Amino acid sequence: MPRYSDGSTYASGRSRGSSDSGDSYDEPSSRAWRKSENHRRGRSSRCRPSDESAAAASRDDVTCSSAVLEAARQRERRAATPDFSAAMLGEEDAESVEDDAEGYEEEVEAAEAAEEEEEEEEEERADEKAEVAHKDVVIYELGPPGKLVVRETNCTMVPGGRYDVIVKVEASTVSYRDCLLRRGVGPDKVAFPFVPGCEVVGTISNLGRSARAEGYRVGERVAGMTRRGGGSGTYVRLRTTDVARFPSKQVDAADAVCLVDVYMTAYQALRAGKRDGAPLTGANVLVTDGHSPVGQAAVALARLEGANVYVTIEKSQMEYMQGLGAKCLPLAPSKWLDKLRGKMDLVVDTSCVDSYDSTWKAVNHHGTLVCTGMSSLFDLRIASETDMMGRDPRESQAKWAGFKARYMMSQTKFLDVREGFRSNPKKYQQELKYLCFLVESGRLEPNVAERVGVEEVGDMHRLLEKGDVNGTIVCLPN
C-alpha cells in the first residue's frame, strides 16, 4: 500500500487528511508527518536564508546604535520624573539613577563627537579630490637667479605618504640659504628641480593618516622648516618631522615666518650663553656680522635684557646699527681682537671669519662662544676655485670649523636650530610661544626687508647675492 514519507499509509486516489466516507486519518501519524515536514523546511530555511531575512538583519545592525541611544534617553526621562526622585527612592537607587543619566550623557557626547569627526573626514576626502591653483618658482638646474622660472598649474594636492602634511603657505622666507642651494654651494645639497623657501608659516590643507594620528588637523596653523626648500609657492608638502604647531593666530604672517628660524636662532644662541638661565643684564655680548638677519635679531633680543652689545659690520652699516643701540667694530678681527680679548661674556659668531679662532679668544674665563653660521666662507660675491677633483675647498674648511667647534674647543657650543626643531619640538614650540608674546606685546618688531610675490623671488635672489638687503625678505604667495 502506498505510504507517506513518515511511514503512514493512505488509500489510493485519496488525499491525505480527507476521506470520502467521513473517516479521519490517523492523528498521531498526521502530527508526526507535520513535525518531520517542519523540521525539513526549517533546515532548508537555515541553510538558505531569504533575501528578506538578510535585509532584516542589515536593518537590525543599522538601527542598533539608535536603539542604544533611545534606551539611554528613556532612562534619563525616567530619572527626571518625580517617581524616581531621591525622595521616593532610597539613596542607593537615586545614585544608580544619577549614574545612568551620567552614562547617557557620556554616550551621547561620544556619539556626537564620532559623528562630527566622520563629517570632517568626509569633507576632507571631498577636498582631496578637488583641483587647486598652484603657483611657485622653480629652477631645473644649478645656476644664477635668471634661471628661476615661475610655474602655474592646476593640480590635486594630496599626501604622497602617511606622514606627509600639505600646507597652504601664508608666508615663506627668501634667504641666503636659498641662493647657496640654488648654486650648489655649501655643505647642504638638494635635488633638482628645486623650489626655494626653507621656512614657511601656513595652514594645513591635507595630511596623511599617520600625521592625523599624531594630532594634526586640517585648518591648523603650523610652522615648517626644511633643508629641501619648497616654500616659495602656494602649497608645500612637508613631513611631520618638519612641522610644528604655530602658537599664535594674531601674529602677522610675515612677522611669524621671521620668528621661525631667524629670531629663533638668535634667541637660542643667547639662551645657550646664559649662566644658569640668568638674564644678560650688564653682560658684554659680541655679535659678528651684526647687520645680517640673525645678527640684528640677536642685537634686539640682547638689548631687551639690558646687555652691552658689540657688533662687527661694514662701515656703511654703522649708522643703522648704532641706531639699534649697538657698539660698532670693523669686520676684520685684527682691528678689534686686542681691544676685546678675554672680555666678552657671550660671543655669537654668525660668520666664521677665521674658523672661530678670534671670537673664541674674545671670550672670558666664564664666557661662552656660540657658533651659528658660516656666511663669510660662502660669500657669493667672491669667486671660488675648485681643486683637481672638482671640489670646493670652502666646504672642507666649513666641515673642519664645525668639527672643531663641536668637539675640540672649550666653552663653545655649535647651534643648529633645525636639529633642535626635530629632536625636541615641544621645547621649540614653547620658545616660539615666548617670541610670539614679545611680538604681540609690542616689545619685539621683526625687521622685514621686503614683502614680495612669487614672481619677484628671482629679483630678491639677485639682491641677496649682492649683499644689498637689510632684514628678512618674505614671500607672500597669496
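Here the structure is a predicted model, which means the values were calculated and not measured. (Residues numbered from 1 in each chain as written. Predicted model: local features only at pLDDT ≥ 70, side-chain atom pairs only at ≥ 80, totals over all residues. Heavy atoms only, no water.)

A. Up close: helix α8 (residues 293-304). The end-to-end C-alpha separation of α8 is 17 Å, in line with the 16 Å expected for twelve residues at 1.5 Å each. Among all positions in α8, only Val294, Gly295, Gln296, Ala297, Ala298, Val299, Leu301 and Ala302 are buried. Against the buried residues of α8 lie α7 (253-272), β8 (284-287), β9 (308-313), α9 (318-323) and α14 (425-440). (Helix = DSSP H or I, 4+ residues; strand = E, 2+ residues; numbered from the N terminus. Expected span 1.5 Å × (residues − 1). Buried < 20%, exposed > 50% of the residue type's maximum accessible area, 1.4 Å probe, protein only. Contact = heavy atoms within 4.5 Å.)

B. View of unusual backbone geometry. In this structure, proline 193 follows phenylalanine 192 across a cis peptide bond, with omega equal to 5°. Checked against the element boundaries, proline 193 lands in the loop between α5 (176-183) and β4 (199-207). Positive phi outside glycine occurs at cysteine 352, with the angle close to 60°. The exposure class of cysteine 352 is buried, given its relative accessible area of 0%.

C. Seen up close, a negative patch on the surface. Residues Glu105, Glu106, Glu107, Glu109, Glu112 and Glu116 make up a contiguous surface patch of negative charge. Checked against the element boundaries, glutamate 109 lands in helix α4 (residues 91-128). (Patch = residues over 30% accessible without salt bridge, like charges linked within 9 Å, V, L, I, M, F, W, Y side chains within 5 Å. Areas by Shrake-Rupley, 256 points an atom, 1.4 Å probe, with all protein chains shown as cover. Salt bridge = Lys/Arg side-chain N within 4 Å of Asp/Glu carboxyl O. Lys, Arg positive; Asp, Glu negative; His and termini not counted. Charge placed at Lys NZ, Arg CZ, Asp CG, Glu CD.)

D. Highlighting the environment of methionine 225. With respect to the helices and strands, the residue methionine 225 is situated in strand β5 (residues 221-225). With a relative accessible area of 2%, methionine 225 lands in the buried category. For the pair methionine 225 and valine 243, spaced 18 residues apart in sequence, the C-alpha to C-alpha distance is 6.6 Å. Excluding residues within four positions of it along the chain, methionine 225 makes contact with Cys198, Glu199, Asp242, Val260, Asp261, Val417, Arg418, Phe421 and Tyr428.

E. Representation of α7 within the structure. Relative to the 28 Å expected for 20 residues at 1.5 Å per residue, α7 spans 27 Å between its end C-alpha atoms, a close match to the ideal helical length. Of all the bends in α7, the greatest, near 50°, is centred on leucine 259. Regarding α7, its N-cap is aspartate 252, as a side-chain oxygen of that residue lies 3.1 Å from the backbone nitrogen of alanine 254 further along. (Bend = angle between axes of the 7 residues up to and from the residue. Polar contact = N/O pair within 3.5 Å; in protein donor to acceptor, adjacent residues only side chain to side chain.)

F. Structural view of the pattern of salt bridges. Throughout the structure, instances matching the rule amount to 25 salt bridges. The closest approach of N and O atoms between glutamate 170 and arginine 221, which form a salt bridge, is 2.9 Å. Highlighted residues: glutamate 170 in strand β3 (residues 164-174) and arginine 221 in strand β5, separated in sequence by 51 residues. On the accessibility criterion, glutamate 170 (25% relative accessible area) is partly exposed. You can call arginine 221 buried: its relative accessible area is 10%.

G. Looking closely at the nonpolar core. Membership of the largest hydrophobic core comes to 54 residues, with the highest contact counts inside it found for Phe246, Val311, Tyr428 and Leu435. Excluding residues that lie within four positions of it along the chain, phenylalanine 246 makes contacts with Val201, Arg221, Val222, Ala223, Val251, Ala256, Val260, Leu432 and Cys436. (Core = buried A, V, L, I, M, F, W, Y, C linked by side-chain atoms within 4.5 Å.)

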